[in-house]
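Secondary and tertiary structure notes
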2 protein chains.
Amino acid sequence: MARERKIDMVILGLLNHEDLTGYDIKKRIDGAISFFWKGSFGNIYPALKDMENQGLITKRELAVGGRDKITYHITKSGKAALKDWLREEQVSNELKYETLLKLFFSGADSREVSLRNIEVFEEQIKKDLKLLKTYSETLEKAPDTEDHVYYSLTVSFGIETYEAYLKWCAKAKKMLGKRVMEIDETES
Amino acid sequence: MARERKIDMVILGLLNHEDLTGYDIKKRIDGAISFFWKGSFGNIYPALKDMENQGLITKRELAVGGRDKITYHITKSGKAALKDWLREEQVSNELKYETLLKLFFSGADSREVSLRNIEVFEEQIKKDLKLLKTYSETLEKAPDTEDHVYYSLTVSFGIETYEAYLKWCAKAKKMLGKRVMEIDETES
DNA sequence: CTCGCATATATCTATTTGATATATCTGTTT
DNA sequence: AAACAGATATATCAAATAGATATATGCGAG
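Residues numbered from 1 in each chain as written. Chains lettered and ligands numbered in written order. Predicted model: local features only at pLDDT ≥ 70, side-chain atom pairs only at ≥ 80, totals over all residues. Heavy atoms only, no water.

**Re the side chain of Asp-8 of chain B**
Residues and elements named next belong to chain B.
- Assignment of secondary structure puts Asp-8 in helix H1 (residues 6–15).
- The exposure class of Asp-8 is buried, given its relative accessible area of 7%.
- Every residue in contact with Asp-8, bar those within four places of it in the chain, is listed here: Ala-47 and Met-51. (Helix = DSSP H or I, 4+ residues; strand = E, 2+ residues; numbered from the N terminus. Buried < 20%, exposed > 50% of the residue type's maximum accessible area, 1.4 Å probe, protein only. Contact = heavy atoms within 4.5 Å.)

Here it is in structure tokens:
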């Protein structure tokens, strides 16, 4: 990896909206963002420390009801770093789909196993698509602000691709299922 | 991460077909597989060592023309491990798209910047889609074997999703472009 | 014959992942 | 009011991955 810590940009992007604790940041990432990016405490907390040292964010320790709580705030330098990143043309877009990996090597086992793997994938996608559609419906009722345009575009990206996945699932099941039938016929 | 090293399964899947060197494995991963999985020397070579110790693969040192070359061969135990993995229902399917991350935080900059980011994405997808279609054409001319079915399914997955991406790009550009025009009109 | 590129193995650091440790706060149940 | 489950909150650890680099040989073009 090396060179550019992407979690920094996620954090800056979130703090650009509102001050947050590390825990809050994790919750935000686990929401709508999780469809295209992930984050864990294991990289959020160290990143917050580093970024504070670099002056991209500032710390505010609060004792809310006797409980420790560290809120972070984006600085001017942090906002500049966020903009610099947005304007960088080099991006990394990667798919990491174990289902496809399994399918690619499925010659090592029976068609039933491949079909089951496609079904598992299909079930997951259907569930996620349902969730995305609730996001979409909520958006339709919300006021048409500038931020909503971008949020809405990422949601529609998810919906379009997941619908394409489902179409592919149907085709794949048909292709593998047909052969299963043909073999059945030959065997009978 | 911990728990299950996925690179092991990629290696077993490849070795299930033919004996390969670490370098060969890297080349295979950088081919069609790279659309849904990645691998680096930094995890391939250590994995090969570990898996040999575990008895999943065996080493064959060859001195081809005085040059060192270590070929690996899958064992019965390795084949069993590959099957076990194929039959495991729990999978991890993740998208990691920096373009969507940028779009999500695009409220921090101008519409021109967002539009440019979508264009960069679109260009990359068009290039990749072209490559996928050459894979697809090659496949059509090839004999209709069992392994080709699975390879063909992964290729068609890529084609379908990339076409959905392009449709979304057109929609997104329209949505952002329109607003740019509206602002232009207000300003003039 | 030498320059550049492909082959080949290997290692290093930075980063990410996933799990876990620790402790407090809050709401519900008995 | 005690007991408990679950959410909040920070933090760290080991394992895995990414990306770069080091090193050396083979091979084909000019």
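Having seen the structure, we can now continue with the description.
**Some thoughts on the interface of chain A and chain B**
- Counting residues at the interface gives 68 residues for chain A, matched by 67 residues for chain B.
- Interface area for chain A against chain B, summed over the two sides, is near 7300 Å², with a carbon-plus-sulfur share of 64%.
- Considering only the side of chain A, the residues that lose the most area to chain B are Glu-98, Tyr-150 and Phe-157 of chain A, jointly responsible for 11% of the buried surface there.
- At the surface where chain A touches chain B, the tally comes to 10 salt bridges. (Buried area = accessible area lost by both parts, 1.4 Å probe. Salt bridge = Lys/Arg side-chain N within 4 Å of Asp/Glu carboxyl O.)

**Regarding the packing of aromatic side chains**
- For the coordinates displayed, the defined rule picks out 32 aromatic pairs over all chains.
- Ring centres of Tyr-97 of chain B and Phe-121 of chain B lie 6.0 Å apart, and the angle between their planes is 65°; this geometry places the pair in the edge-to-face category. In this pair, Tyr-97 of chain B sits in strand S4 (residues 93–97) while Phe-121 of chain B sits in helix H6 (residues 111–141), placing the two residues 24 residues apart along the sequence.
- Look at Phe-121 of chain B and you get buried, because its relative accessible area is 2%.
- In textbook terms, an aromatic cluster arises when at least three aromatic residues are bridged by ring pairs, as seen for Phe-35, Tyr-97, Phe-121, Tyr-135, Tyr-162, Tyr-165 and Trp-168 of chain A together with Phe-157 of chain B. (Phe/Tyr/Trp six-rings, centres within 6.5 Å; stacked < 30°, edge-to-face > 60°.)

**A closer look at the domain arrangement of chain A**
Residues and elements named next belong to chain A.
- What the domain assignment reports for chain A is domain 1 (6–87) and domain 2 (98–187).
- In this structure, domain 1 and domain 2 have C-alpha centres spaced 32 Å apart.
- Each partner contributes to the interface: domain 1 provides 5 residues, whereas domain 2 provides 8 residues.
- Between domain 1 and domain 2 lies a buried interface of about 450 Å² when both sides are counted; carbon and sulfur atoms form 75% of it. (Domains from an automatic or database assignment.)

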